[in-house]
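Each chain is listed here by its residues.
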Amino acid sequence: NPITLSVVLTSLALGTIFTESSSHWFLAWVGLEINTLAIIPIMTQHKHPRAIEASTKYFLTQAAASALLLFSSLNNAWLTGEWSIMDLTNPLSCATMTVAICMKLGLAPFHFWLPEVLQGINLTTGLILSTWQKLAPMAILYQIAPTLNTPLLLALGLVSTLVGGWGGLNQTQLRKIMAFSSIAHLGWMVSILPFSPQLMILNLTIYLIMTSTMFLMLKTISSTKISSLATSWSKTPTTTALSLLTLLSLGGLPPLSGFVPKWFILQELTNQNTTILATTLALSALLSLFFYLRLTYI
């Protein structure tokens, strides 16, 4: 029904805008709940067991993360008397809030739901899940960045980049590869967040553009597996060539645009005397680049 679809899409947009524009924890939580409830009908519009399973996994994970987020804000309000997002000062609330948002985003080690959910839905819904659904949690992270626990964020970012690179090596499904790519990119964003939130915004913007481009190209050539991508060259050579360039850009290969945020992040981490972290992140990017290059050769 077009009317139902328009209502659901409007709710999806309003939930994200509601969270991004609110300064009160309860209102931000309400926006996230609207966002979660609005995408469930989109995920289940094709009555397939995989889609139902994916939407159930997504709903349970997001509900648990929202409950933890509400607990963190309640605990902080109980101890400090403040409901403002900028006044998250209690250490326990900071830690539990970080875990809650990482669950919502799909950062490692809370990433297990993301590849399975993305594999069970179609490419259009996967595009929404990989791009639009990241905006609201990232907006909260951006606002509370000065008060967060820096070692915890760096540990989560490092684990996410390693899991994102390692997990995509043995995949043949393109949607799962894009899921692990998302995990790795989120790891880069979280790693630079304590030092330079502006760089995180730059990385997020380029990630959104490249991921949207990749999903739209996969939808154009109707490709969900590596084998179908290999046969698309004879049908749509221009689109296939552009998709390969987009994959290499996602991997951060110079001189493509995906290399720019990684370069700036490594430079900033080096300036902050975290050279070991920067080196490990750079090596983990090689893992991601390996399976992107494998797709390119095919």
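Along every chain, residues carry numbers that run from 1 in the direction the sequence is written. Where local features are concerned, this predicted model is filtered to residues with pLDDT of at least 70; where side-chain atom pairs are given and counted, the filter is 80 or more; whole-chain, interface and lining totals use all residues. Note that water and hydrogens are dropped before the side-chain values are worked out from all heavy atoms of the structure.

### Some words on the overall build of the protein
Then, in step 1: For the protein, the helix and strand inventory stands at 14 helices and 0 strands.
Then, in step 2: Over its C-alpha trace the protein gives a radius of gyration of 19 Å, about what one expects of a compact globule, namely 19 Å for 298 residues.
Then, in step 3: With the C-alpha coordinates aligned to their principal axes, the bounding extent of the protein is approximately 65 × 55 × 25 Å.
Then, in step 4: Within the protein, the proportion of its 298 residues that are buried is 54%.
Then, in step 5: Methods summary: accessible areas were calculated by the Shrake-Rupley approach with a probe of 1.4 Å, and residue burial reflects only the protein chains presented. In the structure as shown, the protein presents an accessible area of about 12,700 Å², 71% of it carried by carbon and sulfur atoms.
Then, in step 6: Counted as positive: Lys and Arg. Counted as negative: Asp and Glu. His and the chain ends are not counted at all. Here the site of a charge means NZ on Lys, CZ on Arg, CG on Asp, or CD on Glu. Averaging the positions of the 12 positive and the 7 negative side-chain charges in the protein gives two centres separated by 22 Å. Per the convention used, a helix needs a DSSP run of H or I reaching at least four residues, while a strand needs a run of E reaching at least two, with both numbered from the N terminus. Here the globule rule is a power law, 2.2 Å times the number of residues to the power 0.38, and the radius of gyration is based on C-alpha atoms. In this scheme, a residue with accessible area under 20% of its type's maximum is buried, one over 50% is exposed, and one in between is partly exposed, where area comes from a 1.4 Å probe on protein chains only.

### A look at the UniProt feature "domain: NADH:quinone oxidoreductase/Mrp antiporter transmembrane" (unreviewed entry) in the protein
Then, in step 1: UniProt positions are given in the numbering used here, feature names are shortened, and annotations may be inferred rather than shown by experiment. UniProt's feature table lists "domain: NADH:quinone oxidoreductase/Mrp antiporter transmembrane" (unreviewed entry) at residues 22-286, given in the numbering used throughout.
Then, in step 2: Secondary structure within residues 22-286 divides into 75% helix and 0% strand; the distance between the first and last C-alpha atoms comes to 39 Å.

### Things to note about empty space enclosed by the protein
Then, in step 1: Computed over the protein atoms alone on a 1 Å grid, cavities are sets of points where a 1.4 Å probe fits but cannot get out and pockets are open sets with protein on both sides within 12 Å along at least five of seven lines; a residue lines them when it has an atom within 4 Å of a point. Grid points are joined across faces, edges and corners, and a volume is the space filled by probe spheres set on the points. Enumeration according to the criterion identifies 4 cavities of 30 Å³ or more in this entry.
Then, in step 2: Taken as a whole, the largest cavity holds about 100 Å³ of empty space.
Then, in step 3: Leu32, Asn35, Thr36, Tyr58, Gln62, Lys104, Trp113, Leu129, Gln133, Lys134, Ala136 and Pro137 together form the lining of the largest cavity.
Then, in step 4: Of all the secondary-structure elements, those providing two or more residues to the lining of the largest cavity are helix H2 (25-43), helix H3 (49-80) and helix H7 (135-144).
Then, in step 5: It is H2 that provides the largest number of residues to the lining of the largest cavity, a total of 3 residues.
Then, in step 6: Partitioned by chemical class, the residues of the lining of the largest cavity number 6 nonpolar, 4 polar and 2 charged.
Then, in step 7: Looking at the second largest cavity, its volume works out to about 60 Å³.
Then, in step 8: Lining the second largest cavity, in full, are Thr161, Ala184, His185, Trp188, Leu250, Gly251, Lys262, Ser284, Ala285, Ser288 and Tyr292.
Then, in step 9: Those elements that provide at least two residues to the lining of the second largest cavity are helix H9 (174-192), helix H12 (237-251) and helix H14 (275-297). Gly counts as polar in this scheme, as do all residues outside two lists: the nonpolar Ala, Val, Leu, Ile, Met, Phe, Trp, Tyr, Cys and Pro, and the charged Asp, Glu, Lys and Arg.

### Description of the nonpolar core
Then, in step 1: Within this scheme, the nonpolar core is defined by two criteria: the residues are buried Ala, Val, Leu, Ile, Met, Phe, Trp, Tyr or Cys, and they are joined through side-chain atoms within 4.5 Å. Core analysis: the largest hydrophobic core is formed by 41 residues, its most contacted members being Trp25, Leu69, Ile101, Met138, Ile140, Leu141 and Ile144.
Then, in step 2: Of all hydrophobic cores here, the second largest spans 38 residues; its members include Trp113, Ile177, Met214 and Leu247.

### Examining the UniProt feature "transmembrane region" (unreviewed entry) in the protein
Then, in step 1: Following the UniProt record, the feature "transmembrane region" (unreviewed entry) maps to residues 25-44, 56-75, 95-114, 151-170, 177-195, 201-218, 239-256 and 276-295 here.
Then, in step 2: Helix makes up 100% of residues 56-75 and strand 0%, with an end-to-end C-alpha separation of 28 Å.

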